[in-house]
Number of protein chains: 4
Amino acid sequence: KLKELHQDDGPKLKDHLDVFDDAVIAIIITVMVLEVPLPNNTVGSYRLFMRAILIFLISFFMVANFWYENHQTFAILPRADKKFLLMNFAFLAALSLLPLLTKWLMQQPTNLAVANMGLDYLVINMLRRLMVNHTNRELFGKTGAARAFFDQITRWRIIGGFLLNIALIGVAFIQPTVAMIFYLALPIISFVFPSDRVK
Amino acid sequence: KLKELHQDDGPKLKDHLDVFDDAVIAIIITVMVLEVPLPNNTVGSYRLFMRAILIFLISFFMVANFWYENHQTFAILPRADKKFLLMNFAFLAALSLLPLLTKWLMQQPTNLAVANMGLDYLVINMLRRLMVNHTNRELFGKTGAARAFFDQITRWRIIGGFLLNIALIGVAFIQPTVAMIFYLALPIISFVFPSDRVK
Amino acid sequence: KLKELHQDDGPKLKDHLDVFDDAVIAIIITVMVLEVPLPNNTVGSYRLFMRAILIFLISFFMVANFWYENHQTFAILPRADKKFLLMNFAFLAALSLLPLLTKWLMQQPTNLAVANMGLDYLVINMLRRLMVNHTNRELFGKTGAARAFFDQITRWRIIGGFLLNIALIGVAFIQPTVAMIFYLALPIISFVFPSDRVK
Amino acid sequence: KLKELHQDDGPKLKDHLDVFDDAVIAIIITVMVLEVPLPNNTVGSYRLFMRAILIFLISFFMVANFWYENHQTFAILPRADKKFLLMNFAFLAALSLLPLLTKWLMQQPTNLAVANMGLDYLVINMLRRLMVNHTNRELFGKTGAARAFFDQITRWRIIGGFLLNIALIGVAFIQPTVAMIFYLALPIISFVFPSDRVK
């Protein structure tokens, strides 16, 4: 009897995860604002304050973009199994490091801080890719022409994304400001031209 | 097939954004309370504590009023597209700066702190106005008599709201306490006489 | 046309408020735990740590009890209007001061801290009473026998609750520990014998 | 009439608790990340940073696993009464101590910190067991063959789980690192081989 009750847990689990992800992402996106160091009465400190606000906004829209990508996956995913659950929690874990790394960047924008942000960004993107892949597999099966087509695209995107991110982490060690500009640009490009999403 | 699945995303995205906004606004409204500096055993410190509580309450009802305005928009908006998504996230970003600016005001109620609060309040209101406009356009189309009527009202409200806010930021530099009283009064007036909302 | 769209906002607003209250109360109940001061390696500091944990748990179950009372109100309330909205936000504002007052009590359990906690507890209870009253009025109308019956009960409960709370705030100034024990006992009594709720 | 309105509160209360638990667990899982101490420019401090991240991730997946177990209980529980409400809030209270104990472990990974983590983990597990038991009783009644079968299994699991946890708290005093590895392993084992769940 209990087996029966558990049998159709897939769609329920998916809906529950969707709600939970919303709450977690809402906290991630909001909680980092209180870590912005307040200015005192000097002009220099106000400039540092504005720079910290800018870093906060970059992180804010980075997370907002991930929320939108996540929305798109959940909108078409029919059910969640344990494998998807695991990928989803790994994604949330990597995402929840962003407020910490943002705090670090706001307090001491060193090469190491930018590189760590880049590394986390890489991990989050790889986990997103796994989730999108899993969703495509649920929708189109593991074989067939549609599947082969998606696998082809996916492979090149993973490799391309991976190399771009590794290159940016390298840039972070030499020119942290340039790397920061790229990290700002990437979510904007991904939002305006959503070419690497489920389509 | 995937295109089909994505086709009706507008209403879904709107519902999802509604839930997400709730979570973000709930965090914004609650998280700033822990930044109130605790009193020690002197009478003076208790008075400062009470002033900080008052500033917290002003921010609380400011955010509460924005929640209610947002509720009204979402209650009539039929669907969300990428443009609305972007306006909504910009609105949330500006709103999530309020706890930080409230913390600043509680710790050092300087002219600069009040002026920054005023500037953020202006930005939030302008973004709200854009969202209301977008909603009206979704409901009444881009042309026609009803549209022209709304555009007429909207134009004067935007200009009026903008000038009032700029004036208040000016006041903040000369008489921060007077400006604070106005910022307390504005959400109350807007709540009791909701004349500048969708009607 | 817009008037039509807004006409049936009462039930929608009630459902929306219900979701929002949940999120705010969840943050209130959780956020104060990080304010518990950590022990160092002495035995005395571990005793202080345990006392702070106890104070956290008292606040936790106080808030949990308010959540349950709120659930009961929302379960029977048919719709929300602006008056209820205002009472609800005033209730949330008073409730969101609890984490701050709990932090104060954990760091310096002085007479003043206990008295402030008691004062906030009084305000929250009075606002709850107003919300319950409003709900009864929505269900049974403003006149009639059932209404008179409820008014009779309500009047005595408000007076009784008010006097008890004032007395406890007095006790807090003389014997803070005794007052604390009463504040622990009140939510337990109210949970086990829910005599002063909508019935 | 009011009695009528309250009569069918069981399923409603269960759904409401489900939503509330989600929000509380989302805050618990996210809020502890900001307590990770940031590195300065030495190699040693970066190693400490990485260790703190690891401790954060252990806590993250511990809480994630409890979320999943909670999901499974709520997926089959038909209604919630006051007894379940009380168990659920006690569970949330014990769970919400985890961010504090994680913060302690990240800042000073002493024997006492590991032992306290273990004690809280034991309490959370016992409360989970009570909730699962309550759910089985709701589904299969208090007597009969199915019930006797579950009671038999449950009794041994409670005793086994209790002894294992007591042993681990003992280990924490002698070899905190070894105990930590076990606390990492337990949620993984419980996730991959969910033998001690409702089945």
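For the structure itself, consult the block above.
Here the structure is a predicted model, which is why all the values come from computation and not from measurement.

Let us now look at the interface of chain A and chain B. Contacts between the two partners involve 39 residues from chain A and, on the opposite side, 36 residues from chain B. Taken as a group, Leu34(A), Leu38(A) and Trp67(A) account for 20% of the area that chain A buries against chain B, more than any other trio of residues on that side. Viewed at the interface, chain B and chain A are joined by zero salt bridges. Of all the secondary-structure elements, those providing two or more residues to the side of chain A that touches chain B are α2 (9-31), α3 (43-76), α6 (111-140) and α8 (176-192) of chain A. For the side of chain A that touches chain B, the element with the most residues is α3(A), which contributes 15 residues.

Okay, the relation of the copies chain A and chain B next. The transformation that overlays chain A on chain B combines an axial shift of 0.0 Å with a rotation of 90°, and the residual RMSD is 0.0 Å. Taken together, the rotation angle and the small translation identify this as a four-fold axis. Closest to the rotation axis within chain A is the C-alpha of Ala23(A), separated from it by 4.4 Å.

A separate point is the interface of chain A and chain D. Taken together, the 36 residues of chain A in the interface contact 39 residues of chain D. Across the chain A/chain D interface, buried area totals approximately 3400 Å², and carbon plus sulfur atoms make up 75% of it. Breaking the side of chain A that touches chain D down by element, the ones donating at least two residues are α1 (2-7), α2, α4 (82-96), α5 (98-107) and α6 of chain A. Here the side of chain A that touches chain D gets 12 residues from one element, more than from any other, and that element is α2(A). Looking at side-chain class alone, the side of chain A that touches chain D contains 23 nonpolar, seven polar and six charged residues.

This part covers the nonpolar core. Counting residues in hydrophobic clusters, the biggest one holds 256 residues, and the most contacted among them are Phe89(A), Phe89(B), Phe89(C) and Phe89(D). Beyond its immediate chain neighbours, meaning those up to four positions away, Phe89(D) contacts Ile29(C), Phe60(C), Phe61(C), Ala64(C), Trp67(C), Leu17(D) and Phe20(D).

What follows deals with the packing of aromatic side chains. All names here are of chain A. Counting across every chain of the model gives 46 aromatic pairs over all chains. Members of the aromatic cluster, joined through ring pairs, are Phe-66, Phe-91, Tyr-121 and Tyr-183. The cationic tip of Arg-128 hangs over the ring face of Phe-91; the distance from NZ or CZ to the ring centre is 5.9 Å.

Conventions used here
Residues numbered from 1 in each chain as written. Chains lettered and ligands numbered in written order. Predicted model: local features only at pLDDT ≥ 70, side-chain atom pairs only at ≥ 80, totals over all residues. Heavy atoms only, no water. Contact = heavy atoms within 4.5 Å. Buried area = accessible area lost by both parts, 1.4 Å probe. Salt bridge = Lys/Arg side-chain N within 4 Å of Asp/Glu carboxyl O. Helix = DSSP H or I, 4+ residues; strand = E, 2+ residues; numbered from the N terminus. Least-squares fit on C-alpha atoms with pLDDT ≥ 70 in both. Nonpolar A, V, L, I, M, F, W, Y, C, P; charged D, E, K, R; others polar. Core = buried A, V, L, I, M, F, W, Y, C linked by side-chain atoms within 4.5 Å. Buried < 20%, exposed > 50% of the residue type's maximum accessible area, 1.4 Å probe, protein only. Phe/Tyr/Trp six-rings, centres within 6.5 Å; stacked < 30°, edge-to-face > 60°. Lys NZ or Arg CZ within 6 Å of the ring centre and 35° of its normal.

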